[in-house]
Amino acid sequence: MSAPAVSRTTYRVRLDQVECCNCPHGCGCQFGLGPNPGYCQFLVGFQVREGRFGKVKLDGVKFVVICDYPGAIHEGNGHVILFVDQAATKEQVEAIGAILSGQHGGMPWEALAGTVKTFEGPIAAPIEMTVAGTSSSFRIPDVLQVRHTPIKDAASGEDKEVRIVYPKGGFFWNEGDICTTAAMMVHYGNVHFEHPGCYACHAEANWTNS
């Protein structure tokens, strides 16, 4: 017996995306090559600038996603854990969980949902997040920590500006400022990894199912 169809709720969200993974700075997934080490472990922090899920206002909501894939994301079998800031209301937590489930449609989550084998959350947690371009950071005490830092020019030692642009639109975002991780670690349940000095990016993302 198939599960009952979900009645889709219209949503539109504009948010800051603070991401990092276990790839070197030229993350192969950005260029159609798949993850450089052959597997994919990444952390992404989000802070909503403005958005709504139906009648639920999402402005200012913070949430973090832990993702652990044994191969490339499109190959599936991913383990995903969602944390939503404990300051969010019950309705906001449910809205974020609904969007990320992919059941209400809209990219990228409609496509990503089919790659997830196990999903935990939404879990309420105290999320500390600073959105500051290539110096952004976020943490959940005793669970995870991410700190971005600009890439340094090898000759001058000065901050180096590197940007990836998708002129026709990207999967997660259209323009991203590339940096590196001064810190990247997570210890939660059976998921444990640390990848400092690897790929990181700050970008503005826009999600909608309309």
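Because the structure is a prediction, the values reported are computed rather than measured. (Residues numbered from 1 in each chain as written. Predicted model: local features only at pLDDT ≥ 70, side-chain atom pairs only at ≥ 80, totals over all residues. Heavy atoms only, no water.)

### Overview of the nonpolar core
Here is step 1: Leu-58, Phe-63, Ile-99, Leu-100 and Trp-207 are the most contacted members of the largest nonpolar core, which has 40 residues in total.
Here is step 2: Taken together, the elements giving at least two residues each to this core come down to β1 (11–21), β2 (40–53), β4 (62–69), β5 (78–85), α1 (90–101), α2 (109–112) and β15 (199–208).
Here is step 3: The residues touching Leu-58, leaving out its near neighbours within four places in the chain, are Val-13, Val-48, Gly-51, Arg-52, Phe-53, Gln-92, Ala-95, Ile-96 and Ile-99.
Here is step 4: With 21 residues, the next largest nonpolar core counts Ile-81, Leu-144, Val-146 and Met-184 among its residues. (Core = buried A, V, L, I, M, F, W, Y, C linked by side-chain atoms within 4.5 Å. Buried < 20%, exposed > 50% of the residue type's maximum accessible area, 1.4 Å probe, protein only. Helix = DSSP H or I, 4+ residues; strand = E, 2+ residues; numbered from the N terminus. Contact = heavy atoms within 4.5 Å.)

### Re the environment of Gly-28
Here is step 1: Inspection of the secondary structure assignment puts Gly-28 in the loop between β1 and β2.
Here is step 2: The spatial distance from the C-alpha of Gly-28 to the C-alpha of Ala-72 is 9.9 Å, given a sequence separation of 44 residues.
Here is step 3: If we ignore the near neighbours within four places in the chain, the residues touching Gly-28 are Cys-23, Leu-33, Gly-34 and Asn-36.

### Comments concerning the side chain of His-195
Here is step 1: With respect to the element layout, His-195 can be found in the loop between β14 (191–194) and β15.
Here is step 2: Only 2.7 Å separates the side chain of His-195 from the side chain of Gln-41, close enough to count as a polar contact. (Polar contact = N/O pair within 3.5 Å; in protein donor to acceptor, adjacent residues only side chain to side chain.)

### As for unusual backbone geometry
Here is step 1: With an omega of 5°, the peptide bond between Met-107 and Pro-108 qualifies as cis.
Here is step 2: Along the chain, Pro-108 falls in the loop between α1 and α2.
Here is step 3: A cis amide bond, omega 5°, links Gly-121 with the succeeding residue Pro-122.
Here is step 4: Within the fold, Pro-122 resides in strand β6 (residues 116–125).
Here is step 5: The phi dihedral of Asn-77 falls on the positive side, at around 65°, and the residue is not glycine.
Here is step 6: By the secondary structure assignment, Asn-77 is in the loop between β4 and β5.
Here is step 7: Unusually for a residue other than glycine, Asp-142 sits at a positive phi of about 70°.
Here is step 8: Looking at the secondary structure, you find Asp-142 in the loop between β8 (137–140) and β9 (144–149).

### Let's talk about the side chain of His-202
Here is step 1: Summarising the element assignment, His-202 is placed in strand β15.
Here is step 2: Apart from residues lying up to four places away in sequence, His-202 is in contact with Asp-16, Gln-17, Val-18, Val-131, Gly-133, Ser-136, His-148, Gly-176 and Asp-177.

### Some remarks on the pairing of β5
Here is step 1: Of all eight residues that make up β5, eight are buried, and the element is covered over most of its length.
Here is step 2: Here β5 shows two buried faces, one formed by Gly-78, Val-80, Leu-82 and Val-84 and the other by His-79, Ile-81, Phe-83 and Asp-85.
Here is step 3: As paired strands, β5 and β6 are joined by seven bridges and run parallel to one another. Within β6, the position partnered with Gly-78 by the bridge is Val-116. (Pairing = 2+ DSSP bridges.)

### Topic: the layout of surface pockets
Which parts of space are left empty comes out when a probe the size of a water molecule is rolled across the atoms.
Here is step 1: Its volume calculated, the largest pocket comes out at about 740 Å³.
Here is step 2: As for the largest pocket, its lining consists of 34 residues, of which Phe-42, Ile-73, Leu-112, Phe-171 and Phe-172 are closest to the centre.
Here is step 3: Elements represented by at least two residues in the lining of the largest pocket include exactly β1, β2, β4, α1, α2 and β6.
Here is step 4: Its residues placed into classes, the lining of the largest pocket shows 27 nonpolar, six polar and one charged.
Here is step 5: The space that makes up the second largest pocket amounts to roughly 160 Å³.
Here is step 6: Looking at the second largest pocket, the residues that line it are Met-107, Pro-108, Gly-169, Gly-170, Phe-171, Phe-172, Trp-173, Asn-174, Glu-204, Asn-206 and Trp-207.
Here is step 7: Of the residues belonging to the lining of the second largest pocket, the class tally is six nonpolar, four polar and one charged. (1 Å grid on protein atoms, 1.4 Å probe; cavity = no way out; pocket = protein on both sides within 12 Å on 5 of 7 lines; lining within 4 Å. Points joined across faces, edges and corners; volume = space filled by probe spheres on them. Nonpolar A, V, L, I, M, F, W, Y, C, P; charged D, E, K, R; others polar.)

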